[in-house]
2 protein chains.
Amino acid sequence: MRREFKSKSKSKVLLIDDNYDHLAAVNELISSESMFNVVGTSTNANIGMNLIKKYHPDVVLLDMNMPEKNGLEVIQEIEKMNLGVRVLVLSGYDDSDLIFRAMKLGAKGYVLKTMASAQLIYALEEVSDGKVYLPASLTSRFFEYFQQQVIEEKTETTQEENYLSFLTAREEEVLDLLCQGVTYKGVASQLFISDTTVKTHVNNIFQKLQVNDRTQAVLYAINNGFMKKRTKQLVRV
Amino acid sequence: MRREFKSKSKSKVLLIDDNYDHLAAVNELISSESMFNVVGTSTNANIGMNLIKKYHPDVVLLDMNMPEKNGLEVIQEIEKMNLGVRVLVLSGYDDSDLIFRAMKLGAKGYVLKTMASAQLIYALEEVSDGKVYLPASLTSRFFEYFQQQVIEEKTETTQEENYLSFLTAREEEVLDLLCQGVTYKGVASQLFISDTTVKTHVNNIFQKLQVNDRTQAVLYAINNGFMKKRTKQLVRV
DNA sequence: CGAAAAATACATCTAAAGGTTTACATCTTT
DNA sequence: AAAGATGTAAACCTTTAGATGTATTTTTCG
C-alpha cells in the first residue's frame, strides 16, 4: 500500500502479553536493541488493540495465550485493520495447528518463548524488515500440518468410488452444460443434437448418478469433483 | 505407514538431474558423506522413476528443471507411488510459486543450486531424518505466496455485493432447500406452507438473484458463499 | 468380422416448474 | 395513519422436465 522511508529509523514495536513479568523482560530485551523503539505494551488484548490503532506500530509482538481473547482472533482483527502492522507471534506452544492457523491468518513470524533471546531479536529484525520468519523447527511443524491438509483434501475428491466415472464422454458434456444451468433446448443447440437426444442422455445420467432431477445431478457433480476446471481451487497445484 | 529401523544405517539417496556435470558434482559431494549411500543417479526423469521403483531410496534429490518432464509432475508421481520416498528439491529458481507448489505436492525440502554445499548436506540430513527442511530465505518466499493465496480466497468470498443479501429470511430457507434438490412440494411440506406459496418465494428468489430457474439459483448460491456450512473448505481457519 | 456399447432420434404422456397477477394479513417504519 | 416490506395463498397459463419405450446409426473392441 504505502512505502515507508525508514531504512535507518527505528522500528516501532508494540508488545502484547498477559504475563506481566514476561512482558517486562521482553520489553527490556528489545529496548536494549538500538534499532527498536517500543511504543507501547499491554497485558490485555483489547487494550493492545487500542494501542495499535493509536500508535500504528511496525511490528506487534503478540502472545497467543491470553485469557480475554484468543490470539488467533487478535491476529485476524489486526489484519482486518489493514494498517500494514506486522504480527510476530510469541507463543509457548509449538503446536502445528496453531502455527499453521496463525500463519494462515497473516502472521509474519512465530517464535517460542523457550527460544534464545537472540533468536527473538533476529526474528524481530527480519519481520520488521518485511520478511517472514519462522525458525527451522517450526517450519517443519508448519509443513506437517500443511501437507497433511493437502493430502486430506486430495483423498476427499479422489475417492473414485463416485458414479461420475460411469458417465460416457457425451454424458459428461451434457452434465457439464447442466451444471451451467442450461435448459434441454440449450444443450441441444450447443451440442448440435435434438432435444429428445438430450433427454435420453440426461435420463441415462440420472440413472448412473442415482438421482431424480437435474438439480440433484448438478449437486452430485459439484460435490464429487466434477467441474474442477471451472471451480477455482483455494490452493491449486 | 511403515517404520524404519535404520537409526544408524546409511540413508539411500537417489539423484535426478539432467545436467550431468552438476549431477556428478553432487554425487561426489554426497558420497563423501559417510551417512549417505547414493544408490543411483539419472539425467532423465523417466529413467529416474524406474530407479525409484527398483531401489526404494529414502530420499530423492530432484532437479526441477528438466527437459523431458516437469519437476512438479515427478514429485506428484513419486508421491502417488506411496513408497515413503522423501523428495528434496534442488532447483535453480527461488520462485515463490514453484516453491509453494513443490511443497504442496509433498516435497520435504527445497534448496537452491547456488547454496553452499554444506547447506545441501544439512538439508539432506534433515529430510532423511524425517523432517521438512526449507532454508529461511525460501520459507519467506513460500509464505509470500501462501498468505497471498489466503487473501485472494478471502476477497473472493467476502465480496458481499452478491444478490444473496437481498433475500429475506424465508427466502433463504427456501433457497436452502432448493440447494438440497428438494421439489416445490417437498419444500412446502417441510416449511408447512402451500406449494403455491413456495412458488411465490421461488419466483422472488429468481428475481433477486437474476436467474431463470432453480438450477441457476442453486449454482448462484453455491458460487457466492451460500451453504458455506455444508461445503467443506479446503483450508480452514 | 461381429457383438456390445454408445450416440442418436422420436413419440407419448404425466408431472413439475415457472410467469404473471391479484389479494390479504402482519409487522415495521416513517 | 400511511407507506413499505414480508409472508401467505390462489388462479391461470405456458413451458420445461422427466419417465418409458422403441429404433437406427456409429464406435469400439475382442
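Residues numbered from 1 in each chain as written. Chains lettered and ligands numbered in written order. Predicted model: local features only at pLDDT ≥ 70, side-chain atom pairs only at ≥ 80, totals over all residues. Heavy atoms only, no water.

1. Some points on the relation of the copies chain B and chain A
Phase 1: Note on the identical chains: chain B maps onto chain A by a rotation of 180° and an axial translation of 0.9 Å, with an RMSD of 0.9 Å. Both chain copies can therefore be described as sitting about a two-fold axis. Residue Thr215(B) of chain B places its C-alpha closer to the rotation axis than any other residue of that unit, at 2.7 Å.
Phase 2: Counting the interface residues of chain B, we find that 97% of their copies in chain A are interface residues as well, pointing to one common contact surface. (Least-squares fit on C-alpha atoms with pLDDT ≥ 70 in both. Contact = heavy atoms within 4.5 Å.)

2. A look at the packing of helix H8 (residues 184–191) of chain B against helix H9 (residues 195–209) of chain B
Residue and element names in this part refer to chain B.
Phase 1: Running from amino to carboxyl end, H8 crosses H9 at an angle of 105°, the nearest separation of the two axes being 8 Å. The pairing of H8 with H9 is recorded here as roughly perpendicular in orientation. Contacts between H8 and H9 involve Tyr184, Lys185, Val187 and Ala188 on the former and, on the latter, Asp195, Val198, Lys199 and Val202.
Phase 2: Its residues assigned to classes, the contact of H8 with H9 comprises five nonpolar, no polar and three charged. (Axes fitted to C-alpha atoms, helices over the stretch in contact; angles between N-to-C directions. Helix = DSSP H or I, 4+ residues; strand = E, 2+ residues; numbered from the N terminus. Parallel < 35°, antiparallel > 145°, perpendicular 65-115°, else oblique. Nonpolar A, V, L, I, M, F, W, Y, C, P; charged D, E, K, R; others polar.)

3. Observations concerning the protein's contact with DNA strand D
Phase 1: The immediate surroundings of DNA strand D are formed by 18 residues, with Tyr184(A), Asn203(A), Arg214(A), Thr168(B) and Arg170(B) found nearest.
Phase 2: In DNA strand D, atoms within 4 Å of the protein come from the sugar-phosphate backbone in 69% of cases.
Phase 3: Taking Thr168(B), its side chain carries an N or O atom lying 2.4 Å from a phosphate oxygen of DNA strand D.
Phase 4: Within the side chain of His201(B), a nitrogen or oxygen atom sits 2.9 Å from a phosphate oxygen of DNA strand D.
Phase 5: Elements represented by at least two residues in the surface near DNA strand D include exactly helix H8 (184–191) and helix H9 (195–209) of chain A together with helix H7 (169–178) and H9 of chain B.
Phase 6: Ranked by residue count, the leading element in the surface near DNA strand D is H9(B), at four residues.
Phase 7: Looking at side-chain class alone, the surface near DNA strand D contains four nonpolar, nine polar and five charged residues. (Near = heavy atom within 4 Å. Polar contact = N/O pair within 3.5 Å; in protein donor to acceptor, adjacent residues only side chain to side chain.)

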